[in-house]
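Fold and contact review
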Amino acid sequence: MGTENPGRPSFPARPPPMTPFASSGPVIGSGGSAFRPTPPPPGQNPLPSPSIGPQMGSGTPAFRPSPPARFNDPSVSAPPTAYAPPATGPYQRFQTPQFPPPAQVAPGHGPPLQAPGGSPPSSYRPQTQVSSLPMGTPPQSVNFVQPAGSVPRPNFQLPFAHADSSYPGPRANMQPPLPGYVTNQPNPMTQAPTMASSFLSQPGGFSPAPPTSSPPFPAQPGSLYPPSSAAPMGAYSRDQMQYPGSAPPLAGIQGLAEEFSSLSLSSLPGSIEPGLDLKALPRPLDGDVEPKSFAEMYPLNCSPRFLRLTTSAIPNSQSLASRWHLPLGAVVCPLAEATDGDEVPIVNFAGGIVRCRRCRTYVNPYVTFTDAGRKWRCNICSLLNDVPGEYFAHLDATGRRIDLDQRPELSKGSVEFVAPTEYMVRPPMPPLYFFLIDVSMNAGRSGMIEVVAQTIRSCLDELPGYPRTQIGFITYDSTIHFYNMKSSLTQPQMMVVSDLDDMFLPLPDDLLVNLSESKSVVETFLDSLPSMFQDNVNLESAFGPALKAAFMVMSQLGGKLLIFQNTMPSLGVGRLKLRGDDLRVYGTDKEHALRIAEDPFYKQMAADFTKYQIAVDVFAFSDKYIDIASLGTLAKYTGGQVYYYPGFQSAIHGQKLKHELSRDLTRETAWEAVMRVRCGKGIRFTTYHGNFMLRSTDLLALPATDCDKAYAMQLSLEETLLTTQTVYFQVALLYTASCGERRIRIHTAAAPTVADLGEMYRQADTGAIVSLFSRLAIEKTLTTKLEDARNSVLLRIVKALREYRNLYAVQHRLGSRMIYPETLKFLPLYGLALCRSTPLRGGYADAQLDDRCAAGFTMMALSVKKMLKLLYPNLVRLDEYISKPSSQANEFEDVVKRLPLMAESLDSRGLYIYDDGFRFVLWFGRMLDPELSKSLLGPDFAAELSRVILGEYDNEKSRKLMKILEKFRERDPSYYQLCHLVRQGEQPREGFFLLANLVEDQIGGTTGYVDWLLQIHRQVQQNT
C-alpha cells in the first residue's frame, strides 16, 4: 500500500485495534473535502464555536455532515455512530471535533517589512472564508475524498509522518492488543488529520518509543497548518522573505487536529483500572530529547544546546500567559560544548561590530537589508540602521546580500565576535588560579592534601592561557601561610601570619607568579606540600581570615579561587557553629534558615569577589557537618561551583577528586564575563536563576563561566497584547578568552506568538520546563518549608493539566480519564522525581543538611540534559552483555536499554548499573552466577560489598565491565561517577544507594508513580 501524494512517506496499512500507541485520522488531500455544514434554519443566527476549525480549499466552504465514513478496507468494520469509550484498553487518544469559526477575512498583519531595494513583498495569500456552524451534536463520522491520482488509503493509516521519523515500522503479523497501551481506534465523534502520531511502541515493550515531532507547519500542499486566527504565526513564504529566516513560511491553512493522550483511571478514589499495564505508563527512557519542532520553520535559530524555551509558542497576551501555569521562560547554556562539525564560528570585524544604535542588538540572521543594501532593519526593535561602509554589500534579485555565504553572522544562529578595545574596561586579564588549602589534621589524615597537590601538579602544563597564566597558594589551619614563589628561588619561602583580626600581606609581590617563569618553584612546592603537614595536629580552621587574605592577593587581577575546606571554620571572622541538630526546628517556619548562610560575611565576601572579577569554586570534604549552606554562598554569587565529598578518603574518593579538579582546571573558561538576554518589544526576562550576581535588572555578572554552567530565566509580557507575529531572543556573552582576546558570543533565536493555549502546550519543551521548575523549587526551600516547596511543584502541575483538560471538557466526555498533552507526558514523573530529589525530599531524617544544600547548589547550575538524567537516572542490565563471548557480543550501544526505575525491573539473577551522572551503583542480584561475580570482583566476591573496591582483573568479563564504565563516563565528563557496589538484600546499603532512588516505587512513606498520578488526577478533576 502506498501513495503517490508527493512529500509523504508510504506506510503499510495497520489495523486499528491491533497496534498500541498509534494515532489515526483521515487523509485530507488537495481535492475537495467532504465536510459540509448543515445550513442554519432561516432567521437563526449560528453560534460561534470556541474551537477553531480547519480551513480547506480555496473555493466555497466545504463543511457538511456526511454519511458514515467509507472504509477502503472491507475487513475493517465501520466505527459506531454513537460515542462510547472503547473498552480495549485504558489508554485512548482523543481528537477534537473541528467546529469552524464564523466567517472571517484574512487576518490583519502589521506593516510588511520592505523588501530589499524598496520593493514590497509579494502579496499575501487570502484566507478562505468559512461559514459558521451552529453549536450542537458534532458530526458522527467522516467522509473524505482522496486527491486525484493517489492510491486510496484505509482510514487507520497515519495521515503523514516526518521524513526522518524514528517510529518503528509496522509489524506484518497481527497481535492482540496489550492492556495499558493506546489503541488505534477511530474516534467516532470526529476524524480529523493529526499533527503526528505520539505513542508508538513495540507490543510487549516496557514503554513507548520516543515521539518524533513532525514539522508543525510543513510547506507541502495538502499538509496541516494552524489556523491563523488562532495563532498569528508569522508572515512570509520563502519566496516572500527579504532575507533567509526573517519570518516563518506561510501556505494555505487547512486545519489543525487537536490530539492528546490519556490514562484510564478508575472512578473509585485510590484505585486504578485493573487492565492498566503499569509498564506502559509514560517514562523518559530515552532521556532528554531536544525539541525539533521549529527546526524547519526557523532553520537559522541557534542550537537548543545553547538556548531552550519552555514553550516555542509565545503567548500574545497577558491573559493567555496567565493561563499557562507552567514556568514561561528559557534555559541558557552560552558555552555548551559543541559537537563535531558544529563549532561556533569566530568573526573579526575590521571596522567595528555592527549593532542596532537603539537597542544594541548585534547583527544576526533575522535582520533585513533594504535600500539596495545601504540600510538594515533591527529584528528586535525594528529600527532602520545605516550599514557601515566597510560592511556594505549589494543585494541580489531576491533581496539577499551577495556575500551571504561569507558572512557567518548572517547565516548562523550562533557566532562569536572578536571585540575591539571599546569593549574593554581594562586590558584583558591573564588566566589566574589561586589555591586556598586547608591543612588541618583531618585534611592530612584523609589524604586530601596529597591528592590535591598531585592533581594540580599534573595539570600545570594544561592550564589555559600559557604563557600568561598566573598562579598562587595560601594554606591555613589556625594561622595563615603565604608562599613566595619568585622565579629566582630554588624552593618557595613560607611566611606565617598569626594575627587573624588584622590580616595583611607579608610580601606584596611574588605571592602571585607567572607559571611559565616559576614552574620549577611551583612543582617543588607541590611535591613537598603533603609531607609539610602530614604530622599536623592542629584541628582549627581560620577560613575567614584566609579568605580575606586571598582576596587581597587577587583583587588586582581577578581570576579563579579554588577553596579546599576540610573543617568547619572555627577561628576569626566568618567562624561558624553547628546547627541543624535541633529536631524541633524542622517543619516550622524557621526550618529554611538552616539552608541559607548563617553569617552575612559570606555573602558580602561574594559580592566583593564579583566586583573584582574573582570566581570561587568550593571543594568541601568532611565526615561531619561543615555548613555547605554558608560556604556554597561564595560559589553561588560568583558564578562558581560546589563540589562535596562527604567522608572523604583518598583510597576511595581520590579518583573522583582528581578527575573533577582536573576538569575544573583545564576546561576552557570564559573570564570576567557579563551576559544579557535581549528580546523583542513587549516581553522581557524578569527573574534569573543560577550561579551569578545580578549587576542590574538584566545584566548577569560572571567572573568566570564555562561549558558546564547553565542559567534559567523567567519571561513576562510588558504589554497587554503583542502585535508582532514573531519574537526574537538574543543571548550576548561578553568575556575574555584564555588566549587574551575579548570576545562576544551571540546566540539568536526566533519563536512565533500565538493566541491559542493549545498551541502553547503543543510546542512545550518538557526539559526546559523541568529545568526551570527545579531551580524555582530549590529557591523556594530557602524561604519556606520543604513541604511547601513540594506542594508548589504539585500545584503547578495540577493547574496546568486542569487548564488543559478544560480545553476539551465541552468536546469530549472525559469521565475518569486523565488527559495530558503529548509534549508533557513525562512532566508528572519528572515532578515526582523532583519532589524526591535530595534538595526537596522528606525531612530531617531523609537527607543530611550538607547533602541537601550541596545538591541544591549543584542543580542550580546544571544543563537541561544533566538535570533530567539526575532526576530520572539510567538503569541498565549488564550481565547478559558481559557474559557473551567477544565474538558474539553485540555493539555496546545495544546494551544501553534503559529500564523503568522500579523494583520490578530488577531480576535477582542479573547485574544492573544505576547512573545518575554523579555516581554509579552496581547492583548484584542474589542469584547472579557466582562465576560472573568472581570474575568481576576477584577473590573478595563473597565478602560484604561495602569492603570491596572494584578493579580490573585479568579476564575478559572484568575488562568488558570496566570498558562499559569508561564509556559511560566519557559520555558525561562533567563529573566522575564513583562506583558503589551493592548486593541484593545487604541493608541499609542497598536501600540507601538504590532502592530509595527508584522514584516510581513507594518506599518509606514516599509517594510512588501510580499514587502520584492518582493524586494529580483527583485534584485536576476538582473544579474542572
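The rules behind the values
- Residues numbered from 1 in each chain as written.
- Predicted model: local features only at pLDDT ≥ 70, side-chain atom pairs only at ≥ 80, totals over all residues.
- Heavy atoms only, no water.
- Helix = DSSP H or I, 4+ residues; strand = E, 2+ residues; numbered from the N terminus.
- Buried < 20%, exposed > 50% of the residue type's maximum accessible area, 1.4 Å probe, protein only.
- Contact = heavy atoms within 4.5 Å.
- Phe/Tyr/Trp six-rings, centres within 6.5 Å; stacked < 30°, edge-to-face > 60°.
- Lys NZ or Arg CZ within 6 Å of the ring centre and 35° of its normal.
- Pairing = 2+ DSSP bridges.
- Axes fitted to C-alpha atoms, helices over the stretch in contact; angles between N-to-C directions.
- Polar contact = N/O pair within 3.5 Å; in protein donor to acceptor, adjacent residues only side chain to side chain.
- Core = buried A, V, L, I, M, F, W, Y, C linked by side-chain atoms within 4.5 Å.
- pLDDT = per-residue confidence, 0-100.
- Patch = residues over 30% accessible without salt bridge, like charges linked within 9 Å, V, L, I, M, F, W, Y side chains within 5 Å.
- Areas by Shrake-Rupley, 256 points an atom, 1.4 Å probe, with all protein chains shown as cover.
- Salt bridge = Lys/Arg side-chain N within 4 Å of Asp/Glu carboxyl O.
- Parallel < 35°, antiparallel > 145°, perpendicular 65-115°, else oblique.
- Left-handed = near helix turned anticlockwise from the far one by under 90°.
- Nonpolar A, V, L, I, M, F, W, Y, C, P; charged D, E, K, R; others polar.

**Things to note about the overall build of the protein**
Scanning the protein from N- to C-terminus turns up 21 helices and 30 strands. For the protein, the residues scored as buried account for 60% of the 1024 residues in total. Contacts spanning at least 24 positions in sequence make up 78% of the contacts within the protein whose residues lie at least 6 apart.

**What to know about the packing of aromatic side chains**
Within the structure shown, the criterion is met by 29 aromatic pairs. Ring centres 6.1 Å apart and planes at 50 degrees place the aromatic pair Tyr476 and Phe543 in the tilted group. Of this pair, Tyr476 sits in strand β12 (residues 470-476) while Phe543 sits in helix α6 (residues 543-554), and the two are 67 residues apart along the sequence. With respect to burial, Tyr476 and Phe543 carry one shared label: buried. Measuring from centroid to centroid gives 5.1 Å for Phe621 and Phe648, while their planes differ by 75 degrees, and the two rings are edge-to-face. With Phe621 in strand β17 (residues 614-622) and Phe648 in the loop between β18 (641-646) and α9 (650-666), this residue pair connects regions lying 27 residues apart in the sequence. Considered together, Phe621 and Phe648 belong to a single accessibility category, that of buried residues. Ring-pair connections join several aromatic residues into one group, and the members of that group are Phe564, Phe619, Tyr643, Phe918 and Tyr975. Just above the ring of Tyr391 sits the side chain of Arg401; from NZ or CZ to the centre is 4.5 Å. It is Lys636 that lies over the ring of Tyr637; its NZ or CZ is 5.6 Å from the centre.

**With respect to the sheet that holds strand β20 (residues 683-689)**
As summarised here, the arrangement of the four strands in space is β3-β5-β23-β20, forming an open sheet in which the pairing is antiparallel. If you trace the sheet from one side to the other, it starts and ends with β3 (307-309) and β20, each paired once. Averaged over neighbouring strand pairs, the angle between their axes works out to 25 degrees when direction is ignored. With three bridges connecting them, β3 and strand β5 (residues 329-332) associate as antiparallel partners. Each bridged residue has a counterpart across the sheet, and for Leu309 the counterpart in β5 is Ala330. Taken strand by strand, helix α11 (residues 766-780) contacts β3, β5, β20 and β23 (711-717), and its axis lies near 95 degrees from that of β23.

**Comments concerning the side chain of Arg308**
Looking at the secondary structure, you find Arg308 in strand β3. Within the structure, Arg308 has its side chain in polar contact with the side chain of Asp288 (distance 2.7 Å). Here the side chain of Arg308 touches Asp765 through a polar contact of 2.9 Å, side chain to side chain.

**Points about the nonpolar core**
Grouped together as the largest cluster of nonpolar side chains are 151 residues, with contacts concentrated most on Phe435, Phe473, Phe564 and Phe729. In this view, Phe435 contacts Ile456, Ile471, Gly472, Phe473, Ile474, Leu562, Phe564 and Leu665; residues no more than four positions away in its chain are not counted. Core analysis: the second largest hydrophobic core is formed by 50 residues, Leu500, Leu547, Tyr644 and Phe857 among them.

**A short note on the confidence of the model for the protein**
Mean pLDDT over the protein works out to 78, with 71% of the residues at or above the 70 mark. Scored below 50 in pLDDT, residues 1-258 shows 587 contacts in the model against residues more than four places distant or in partner chains. Here residues 267-271 is modelled with pLDDT under 50, and outside its nearest four sequence neighbours on either side it reaches six contacts, counting other chains as well.

**Some words on the pairing of strand β16 (residues 559-565)**
Here β16 lies mainly inside the structure; seven of its seven residues are buried. Two elements, strand β11 (residues 432-438) and β16, share five bridges in a ladder whose sense is parallel. Each residue of the ladder has a partner; that of Leu436, found in β16, is Ile563. Bridging between β16 and β17 involves seven bridges; their strand directions are parallel.

**Thoughts on a nonpolar patch on the surface**
On the surface, a cluster of nonpolar side chains totalling about 250 Å² of accessible area is made up of Met494, Val496 and Met532. Mapped onto the fold, Met532 is located in helix α5 (residues 515-532).

**Focus on the pattern of salt bridges**
Using the criterion set out here, one finds 47 salt bridges in the structure. Note that Glu416 and Arg745 form a salt bridge whose closest N and O atoms lie 2.7 Å from each other. On the criterion of sequence distance, the pair formed by Glu416 in strand β10 (residues 414-418) and Arg745 in strand β25 (residues 742-754) is long-range, its members being 329 residues apart. Salt-bridge contacts for Glu944 lead to Arg947; the nearest nitrogen and oxygen are separated by 3.9 Å. Classification of Arg947 as exposed rests on a relative accessible area of 65%. Shared partners join several salt bridges into a network, and the residues in it are Glu337, Lys560, Asp617, Arg663, Asp664, Arg667, Asp706, Asp708 and Lys709.

**Focus on the packing of α11 against helix α13 (residues 827-835)**
The geometry of α11 relative to α13 is characterised by a closest axis approach of 11 Å and an angle of 25 degrees between their N-to-C directions. Comparing the axis directions of α11 and α13 gives the class roughly parallel. Relative to α13, the crossing made by α11 is right-handed. Where α11 abuts α13, its residues Thr766, Ile769, Val770, Phe773, Ser774 and Ala777 lie against Leu827, Tyr830 and Leu834. When its residues are assigned to classes, the contact of α11 with α13 shows seven nonpolar, two polar and no charged.

**What about the side chain of Ser774?**
Along the polypeptide, Ser774 turns up in helix α11. What Ser774 contacts, discounting residues up to four positions off in sequence, is Leu834, Met859, Met867 and Leu871.

**Quick word on the sheet that holds strand β30 (residues 978-983)**
An order of β27-β28-β29-β30 is seen for the four strands of this open sheet, with the pairing classed as mixed. Of all the strands in the sheet, just β27 (874-877) and β30 have a single pairing partner and so form its edges. Geometrically, the sheet is characterised by an average inter-axis angle of 20 degrees between neighbouring strands, direction not taken into account. Sheet topology places β27 next to strand β28 (residues 911-915); four bridges connect them, and they run antiparallel. Along β28, the bridge assignment pairs Val876 with Ile913.

**Brief notes about α13**
It helps to recall that an α-helix has 3.6 residues per turn; residues three or four apart then point in one direction. Burial of α13 is extensive: nine of the nine residues sit out of reach of the surface. For α13, the elements touching its buried residues are α11, α12 (786-806), β26 (817-820), α14 (849-859), α15 (864-871) and α21 (1009-1021).

**A few points about unusual backbone geometry**
Residue Tyr466 is joined to Pro467 through a cis peptide bond whose omega torsion reads 5 degrees. Here the residue pair Gln987 and Pro988 is connected by a cis peptide bond, since its omega of 0 degrees sits within 30 degrees of zero. With respect to the secondary-structure elements, Pro988 resides in the loop between β30 and α20 (989-993). Phi angles above zero are rare outside glycine, and Arg360 is one such case at about 65 degrees. Mapped onto the elements of the fold, Arg360 is located in the loop between β6 (346-347) and β7 (368-370). Of the residues examined, Arg360 reaches a relative accessible area of 36% and is grouped as partly exposed. Positive phi values are uncommon outside glycine, yet Asp510 reaches one of about 70 degrees.

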